[in-house]
Amino acid sequence: MEIKNVSVIGAGTMGSGIAQVTAQAGYNVTMEDIGEELLERGLASIDKSLGRGVKKGSISEQDKASIMSRISTAIGLSSAKDADLVIEAVLEELELKLDIFKELDSICREHTILASNTSALPISAMAAATKRQPRVIGIHFMNPAPVMKGVELIRGRHTSHETFQTCKAFIESLGKEPCEAVDYAGFIVSRILDAMMNEAFYCVMDGNKPEQVDKAMRLCCNFPMGPLELCDLVGADITLHGLETVHKEFGDRLHPAPLLVSMVRSGDLGRKTGQGFYDYRKQA
Ligand code: NAD
């Protein structure tokens with residue numbers, strides 16, 4: 001199946017990044033959200049990201065203008081009616097995603113593939129909310145989407161071979177590498193990262209200093225950033241939500257560390273609140 005028009009639902013961190021890489025590869029993209037301001041913020045972040053490319057010399061001003069011209073915006077979901085592929089990137093809440101998949105199923109044409117960018121939630125549940133289970137799949141871009149090479153591709157229980165192959169070719173056409181993952185909570189990347197971060201929280205609870213935990217993982221394992229720095233970047237609330245999703249599926253193997261729960265309770269979420277494992281208020 002040929003994909004020409006792509007709809008991205010959600011203009012946040014991931015939705016705007018996905019819209020950018022998709023338009024950069026020559027597709028027509030519609031980015032949808034629930035308010036004008038959110039769409040404007042999404043467009044501004046794409047503009048800024050492409051502007052960095054122009055400064056570095058990786059794209060020209062003309063390229064930037066033609067990429068931006070391929071992205072249109074809309075409020076609500078109705079413009080997804082023209083899409084061959086819809087990529088949902090709204091908040092990580094299963095009930096919200098189920099409602100959106102149900103609505104998209106009634107709006108979109110029969111051949112349209114519906115994909116979710118969820119980090120951990122079940123693709124098969126979203127597929128079951130529609131009458132097109134063979135054409136529902138997980139396409140999990142990493143953050144930041146324009147930079148990260150790998151994209152997880154997750155089959156639901158009834159995803160067809162054709163849908164899988166079409167999406168695999170789509171990911172490759174963006175210059176990215178599809179990584180096939182099974183539809184259990186957290187797939188491959190979130191499941192392993194969450195488990196590793198959780199062990200780092202227990203290390204801190206056991207008396208290790210956060211700086212030493214991160215330093216050890218950076219210098220001894222060659223990680224680009226330590227697990228606690230990663231938690232502060234992603235947000236303690238998002239990390240806890242991911243861990244709870246994986247814990248629900250795999251039980252005590254992944255019981256979220258009480259330290260993380262206590263941080264979320266007190267609002268120490270990381271960079272976004274100025275305080276996490278580290279104090280960012282000094283840097284402001
Ligand atoms: P975000 O909060 O930055 O953006 C979500 C957007 O969805 C918001 O702009 C919100 O207004 C919009 N939205 C909410 N309800 C909507 C609706 N009914 N219709 C249209 N838009 C709606 O979130 P994000 O970080 O971009 O995450 C989006 C998805 O991507 C989540 O499923 C998340 O788990 C996944 N993800 C996030 C990351 C990350 O590091 N942030 C990485 C990979 C995957």
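About the thresholds
- Residues numbered from 1 in each chain as written.
- Predicted model: local features only at pLDDT ≥ 70, side-chain atom pairs only at ≥ 80, totals over all residues.
- Heavy atoms only, no water.
- Helix = DSSP H or I, 4+ residues; strand = E, 2+ residues; numbered from the N terminus.
- Expected span 1.5 Å × (residues − 1).
- Buried < 20%, exposed > 50% of the residue type's maximum accessible area, 1.4 Å probe, protein only.
- Pairing = 2+ DSSP bridges.
- Axes fitted to C-alpha atoms, helices over the stretch in contact; angles between N-to-C directions.
- 1 Å grid on protein atoms, 1.4 Å probe; cavity = no way out; pocket = protein on both sides within 12 Å on 5 of 7 lines; lining within 4 Å.
- Points joined across faces, edges and corners; volume = space filled by probe spheres on them.
- Phe/Tyr/Trp six-rings, centres within 6.5 Å; stacked < 30°, edge-to-face > 60°.
- Lys NZ or Arg CZ within 6 Å of the ring centre and 35° of its normal.
- Core = buried A, V, L, I, M, F, W, Y, C linked by side-chain atoms within 4.5 Å.
- Right-handed = clockwise from strand over helix to strand, strands pointing away.
- Near = heavy atom within 4 Å.
- Polar contact = N/O pair within 3.5 Å; in protein donor to acceptor, adjacent residues only side chain to side chain.
- Nonpolar A, V, L, I, M, F, W, Y, C, P; charged D, E, K, R; others polar.
- Salt bridge = Lys/Arg side-chain N within 4 Å of Asp/Glu carboxyl O.
- Contact = heavy atoms within 4.5 Å.

S.K.: Help me out: how do you make sense of helix α1 (residues 13-24) in this one?
M.R.: Because the α-helix completes a turn every 3.6 residues, residues three or four places apart line up on one side. For α1, with 12 residues, the first-to-last C-alpha span of 17 Å sits near the 16 Å given by 1.5 Å per residue. In terms of residue burial, α1 counts as a mostly covered element, since 10 of its 12 residues are buried.

S.K.: Before we go on, may I ask you to explain the sheet that holds strand β1 (residues 5-9) in this structure?
M.R.: Backbone hydrogen bonds hold the strands of a sheet together, and the pairing may be parallel or antiparallel. Reading across from one edge, β3-β2-β1-β4-β5-β6-β7-β8 is the order of the eight strands in this open sheet, with mixed pairing throughout. The open sheet has two free edges, formed respectively by β3 (71-75) and β8 (177-181), since each of these has just one partner strand. For this sheet the average axis-to-axis angle between neighbouring strands, irrespective of direction, equals 25 degrees. The pairing of strand β4 (residues 85-88) with strand β5 (residues 113-116) spans four bridges and is parallel.

S.K.: Which parts of the structure should I look at to understand the layout of surface pockets?
M.R.: In this structure, the second largest pocket encloses a volume near 190 Å³. Leu94, Leu121, Pro122, Ala185, His241, Glu244, Thr245, Lys248 and Glu249 are the residues that line the second largest pocket. Top element by residues in the lining of the second largest pocket is helix α10 (residues 236-250). It accounts for five residues.

S.K.: Where do I start with the packing of aromatic side chains in this structure?
M.R.: This structure, assessed with the given rule, holds two aromatic pairs. Geometrically, the ring pair formed by Phe201 and Phe277 is stacked, given 5.6 Å between the ring centres and 10 degrees between the ring planes. You can see Phe201 sitting in helix α7 (residues 189-205) and its partner Phe277 sitting in the segment after α11 (258-265), a full 76 residues away along the chain. Phe277 carries the same exposure label as Phe201, and that label is buried. In this arrangement the basic side chain of Arg155 is found over the ring face of Phe164, its NZ or CZ atom lying 3.8 Å from the centre. Against the face of Phe250 rests Arg191, its NZ or CZ located 4.1 Å from the ring centre.

S.K.: Can you walk me through the nonpolar core in this structure?
M.R.: The nonpolar side chains of soluble globular proteins are, as a tendency, buried together. Leu85, Ile139, Phe141 and Phe170 are the most contacted members of the largest nonpolar core, which has 34 residues in total. Membership of the second largest hydrophobic core comes to 22 residues, among which are Leu228, Ala236, Leu240 and Phe277.

S.K.: Explanation requested: the pairing of β5 in the structure shown.
M.R.: Along any regular strand the residues' side chains alternate between the sheet's two faces. Burial of the side chains of β5 extends over both faces: Ile113 and Ala115 are buried on one face and Leu114 and Ser116 on the other. Between β4 and its parallel partner β5, the chain crosses via helix α4 (residues 94-107), and the hand of that crossover is right-handed. Where β5 lies against strand β6 (residues 136-141), three bridges are found, and the strand directions are parallel. Following the sheet pairing, Leu114 is matched in β6 by Val136.

S.K.: Just checking my understanding: could you explain the site of the ligand for this structure?
M.R.: Looking at the ligand, there are 21 residues lining it, with Met14, Asp33, Glu92, Lys97 and Ser119 nearest. Between the ligand and Met14 there is a distance of 2.8 Å, counted from an oxygen atom to a backbone nitrogen or oxygen. Take Asn143: an N or O atom from its side chain is 3.0 Å from an oxygen atom of the ligand. Sorting the residues of the shell around the ligand by element identifies α1, α4 and β6 as the ones contributing at least two each. In terms of residue count, the dominant contributor to the shell around the ligand is α4 (three residues). Looking at side-chain class alone, the shell around the ligand contains 10 nonpolar, eight polar and three charged residues.

S.K.: It is not clear to me how the pattern of salt bridges should be interpreted in this structure. Could you clarify?
M.R.: Pairing between side chains of opposite charge can happen when the charged atoms of each approach one another. Tallied over the full model, the rule gives 11 salt bridges. Glu180 is paired through a salt bridge with Arg155; the nearest N and O atoms lie 2.8 Å apart. Of the two residues, Glu180 is situated in strand β8 and Arg155 in strand β7 (residues 150-155); the sequence distance between them amounts to 25 residues. The class of Glu180 is exposed, set by a relative accessible area of 52%. Across the pair Lys168 and Glu172 runs a salt bridge whose closest N-O atoms are separated by 3.8 Å. Separated by four residues within a single helix, Lys168 and Glu172 lie in helix α6 (residues 161-173), roughly one turn from each other. Look at the salt bridges and you will find they share partners, linking Glu88, Glu92 and Lys97 into a network.

S.K.: I would appreciate a short explanation of the environment of Asn208 in the present structure.
M.R.: Examined against the element boundaries, Asn208 turns out to sit in the loop between α7 and α8 (210-221). Of the residues examined, Asn208 reaches a relative accessible area of 39% and is grouped as partly exposed. Apart from the residues lying within four places of it in its own chain, the contact partners of Asn208 are Cys203 and Val213. Only 3.0 Å separates the side chain of Asn208 from the backbone oxygen of Cys203, close enough to count as a polar contact.

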